[in-house]
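# Remarks on the overall topology
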Amino acid sequence: PFLLDSEDRAVSFPPVTNSGITRISEDTEAIMVEVTSSTKLSDAKTVADTLLREMLESGLCKKSADDPSCVLHVHQGRVVDHEGSLRVTYPSKTDLTFQNAKFAVERT
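Everything numeric here is computed off the predicted structure, so don't read it as measured data. (Residues numbered from 1 in each chain as written. Predicted model: local features only at pLDDT ≥ 70, side-chain atom pairs only at ≥ 80, totals over all residues. Heavy atoms only, no water.)

## What to know about the overall build of the protein
- Scanning the protein for helices and strands turns up one helix and seven strands.
- Written out in order from the N terminus, the α and β elements of the protein read β-β-β-α-β-β-β-β.
- Here the contacts in the protein between residues at least 6 apart in sequence split such that 37% fall between residues at least 24 apart.
- In the structure as shown, the protein presents an accessible area of about 8600 Å², 51% of it carried by carbon and sulfur atoms. (Helix = DSSP H or I, 4+ residues; strand = E, 2+ residues; numbered from the N terminus. Contact = heavy atoms within 4.5 Å. Areas by Shrake-Rupley, 256 points an atom, 1.4 Å probe, with all protein chains shown as cover.)

Following this line, the structure appears as structure tokens:
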């Protein structure tokens, strides 16, 4: 499988390669992260939680003049099974409960 952007360009073909148009630089303002697990959903959620916490602790987030604290905007994703039935959404209201952390979750 591979991922296409809104202009039908291949942006990721894991694990073979990732696209040059998605290369991260100091000017990058938004990234898409996909976390999968062949064993348990909880494993994937643990990895995603850890990644987001590390991003906050490293200061890889948006700060404004009004609020100098670190804020990550996270778009909620849906996990579906092979038949397309909804299994879970991430992050749910019980995810991302780190102390002193600010997340703005975009629910779609």
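Next comes the rest of the write-up.
## A closer look at a nonpolar patch on the surface
- Together, Ile24, Ile31, Val33 and Leu51 make up an exposed nonpolar region whose accessible area comes to about 350 Å².
- With respect to the helices and strands, the residue valine 33 is situated in the loop between β3 (17-18) and α1 (41-57).
- Of the residues examined, valine 33 reaches a relative accessible area of 44% and is grouped as partly exposed. (Patch = residues over 30% accessible without salt bridge, like charges linked within 9 Å, V, L, I, M, F, W, Y side chains within 5 Å. Salt bridge = Lys/Arg side-chain N within 4 Å of Asp/Glu carboxyl O. Buried < 20%, exposed > 50% of the residue type's maximum accessible area, 1.4 Å probe, protein only.)

## Comments concerning the confidence of the model for the protein
- Across the protein, pLDDT averages 77, with 81% of residues at or above 70.
- Within the protein, the lowest mean pLDDT, 56, falls on β3, and the highest, 88, falls on strand β6 (residues 86-90). (pLDDT = per-residue confidence, 0-100.)

## Focus on the side chain of aspartate 95
- Assignment of secondary structure puts aspartate 95 in the loop between β6 and β7 (102-106).
- Residue classification places aspartate 95 among the buried positions, given a relative accessible area of 10%.
- A polar contact is formed between the side chain of aspartate 95 and the side chain of lysine 45, at a distance of 3.4 Å.
- A distance of 2.7 Å separates the side chain of aspartate 95 from the backbone nitrogen of serine 92, its partner in a polar contact.
- Residues contacting aspartate 95, with those up to four places away along its chain left out, are Lys45, Asp49, Thr89 and Tyr90. (Polar contact = N/O pair within 3.5 Å; in protein donor to acceptor, adjacent residues only side chain to side chain.)

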